[in-house]
Amino acid sequence: KPPGKGKETNNMTQETGIATTQNAFSDLASFNVNATLEEELDGLSLVLERIKVPSGGTTVFELPSEGSNEPETIREFTGVILHHHSVFAYYKDEYTGGKEPPDCGSFDGVTGEGDPGGACIKCRFNQFGTGVNGSKACQNRRLLYILREGEVFPIMLSLPTGSLKEFTRYIQRLLSKGQRSANVVTKFSLKKELNKKGAPYSQVQFTLARPLAAEEQPIVGNMVDQIKAYDKKLGFTAVEQDGFVDIPPEYDSETGEIIDPMK
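Given the structure is predicted, the values throughout are model-derived calculations rather than measurements. (Residues numbered from 1 in each chain as written. Predicted model: local features only at pLDDT ≥ 70, side-chain atom pairs only at ≥ 80, totals over all residues. Heavy atoms only, no water.)

Quick notes on the overall build of the protein
Which entries qualify depends on this criterion: Secondary structure elements follow DSSP: runs of H or I no shorter than four residues count as helices, runs of E no shorter than two count as strands, and numbering proceeds from the N terminus. Each residue's exposure class comes from its accessible area (1.4 Å probe, protein chains only) as a fraction of the maximum for that residue type: buried when under 20%, exposed when over 50%, partly exposed otherwise. The contact criterion used is simple: two residues touch if any of their non-hydrogen atoms lie within 4.5 Å.
Along the protein, the regular secondary structure elements total three helices and 13 strands. By the burial criterion, 45% of the 263 residues in the protein qualify as buried. The long-range share in the protein, meaning contacts at least 24 apart out of those at least 6 apart in sequence, stands at 63%.

Here's the deal with unusual backbone geometry
The omega angle of the peptide bond from D115 to P116 is 15°, so this bond is cis rather than trans. Secondary-structure assignment places P116 in the loop between β8 (111–114) and β9 (118–119).

What to know about the side chain of S106
For the record, the criterion: Nitrogen and oxygen atoms within 3.5 Å of one another constitute a polar contact, given that in protein one can donate a hydrogen and the other can accept it, and given that sequence-neighbouring residues count only through two side-chain atoms.
Relative to the helices and strands, S106 resides in strand β7 (residues 104–106). For S106, a relative accessible area of 1% corresponds to the buried category. In terms of polar contacts, S106 uses its side chain to reach the side chain of D108, at 2.9 Å.

Here we look at the confidence of the model for the protein
Applied cut-off: Scored between 0 and 100, pLDDT is the confidence that the predictor attaches to each residue.
Averaged over all residues, the pLDDT of the protein equals 77, while 69% of them reach at least 70. Within the protein, no element has a lower average pLDDT than strand β1 (residues 10–12), which sits at 41, and none a higher one than helix α2 (residues 164–176), at 95. Ignoring residues within four places in sequence, the model shows residues 1–21, a span with pLDDT below 50, making 43 contacts including any to other chains. Below a pLDDT of 50 lies the segment residues 251–257, which in the model reaches 18 contacts outside its immediate sequence neighbourhood of four places, other chains included.

Observations concerning the nonpolar core
So the rule is basically this: Residue types Ala, Val, Leu, Ile, Met, Phe, Trp, Tyr and Cys, when buried and joined through side-chain atoms within 4.5 Å, form a set referred to as a nonpolar core.
Residues I51, F61, L144 and F188 are the most contacted members of the largest nonpolar core, which totals 20 residues. Of all the secondary structure elements, the ones that give two or more residues to this core are β4 (61–63), β6 (76–90), β10 (138–147), β11 (155–159), α2, β12 (184–194) and β13 (200–211). Top element by residues in this core is α2. It accounts for four residues. In this view, F61 contacts I51, K52, V53, E72, T73, I74, R75, F77, F188, S189, L190 and V204; residues no more than four positions away in its chain are not counted. If you look at the next biggest cluster of nonpolar residues, it comprises 19 residues, including F25, L82, L212 and V224.

Observations concerning α2
Formally: For a helix, the expected span equals 1.5 Å multiplied by the number of residues minus one. Along the arc lie the directions from the helix axis toward the C-beta atoms.
With 13 residues, α2 should cover 18 Å at 1.5 Å per step; its first-to-last C-alpha distance of 18 Å lies within 8% of that length. Taken together, the buried positions of α2 are E166, F167, Y170, I171 and L174. End-on view of α2: buried residues confined to an arc of 135°, all on one side of the axis. Seen from the buried face of α2, the exposed residues on the opposite side, beyond 90 degrees, are Q172, L175 and S176.

Digging into the packing of aromatic side chains
Defined as follows: Between the rings of Phe, Tyr and Trp (Trp by its six-membered ring), a pair exists once the centres lie within 6.5 Å; its type follows the angle of the planes, with under 30 degrees stacked, over 60 edge-to-face, and the other angles tilted.
Throughout the structure, instances matching the rule amount to six aromatic pairs. Each ring, one from F61 and one from F77, has its centre 5.1 Å from the other, and the planes form 80°; the classification is edge-to-face. Here F77 lies in strand β6 and F61 lies in strand β4, a separation of 16 residues in the sequence. Residue classification places F77 among the buried residues on the basis of a relative accessible area of 4%. Through a chain of ring-to-ring contacts, the aromatic side chains of F61, F77, F167, Y170, F188 and F206 assemble into a single cluster.

Description of the pattern of salt bridges
As a reminder, the rule being used: Salt bridges are defined by distance alone: a side-chain nitrogen of Lys or Arg within 4 Å of a carboxyl oxygen of Asp or Glu.
Scanning the entire structure with this criterion turns up seven salt bridges. A salt bridge links K92 to D115; the nearest nitrogen and oxygen atoms lie 2.4 Å apart. Of the two residues, K92 is situated in the loop between β6 and β7 and D115 in the loop between β8 and β9; the sequence distance between them amounts to 23 residues. We note a salt bridge from R169 to E166, for which the minimum N-O separation is 2.9 Å. Of this pair, R169 and E166 both sit in helix α2, three residues apart, which is roughly one turn of the helix. Classification of R169 by relative accessible area gives partly exposed; the value is 38%. Using a relative accessible area of 16% as the deciding quantity, one classes E166 as buried. Salt bridges sharing partners connect three or more residues here, namely E149, R210 and E216.

And the structure:
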């Protein structure tokens, strides 16, 4: 059935004020990511498109646009977080942007590849107090695969260090209600924050838009399995390094906690 037909209905949630579409993911029932990739992209390399978190406290995301090389800017969007995991990057010299790969990187937050490499948990550069503002010299991020309503391929979001605490709080809130991130539609927005030195940074905010409908859950669950299989085939080089330009917030080097930003 075409999108917008059948059982699909639009609802405005009281919590977020966002118009959401019930059963919006029903069209994915017969879609197989891995089989489609093998058939349509035989001999080609697929890299999923990215959502970019801006620098300098800007409160609009940059999303891929249709039919244009210029990115689309949007203040908020919704989608299901199909899968997420740690991504680490360490640069010996100050990273100033571009495609320069890190001296050491980890696609799982467990094992680093490069110099110094090895177990991330034991690495001296993965300790608070070794980087700027009491942060870690090795930048810790979270890679999210997000499926937006009306689309069949997820997009990737490299979550900045200054947004990890908000993401952790959101996941904890979901778990306290017996929910998982892949079972709900999440609203993503941005908030401007200042560290103690007055430097602005953009912090991602997360809000529950709605739980998935019963009919959507097995369909999205199938997509989760496919994306996890896709993710295992990737390595750290699949993540665009320009996502690691970041102004870290202020950290307590003893506890690793983000110090409350200035209001």
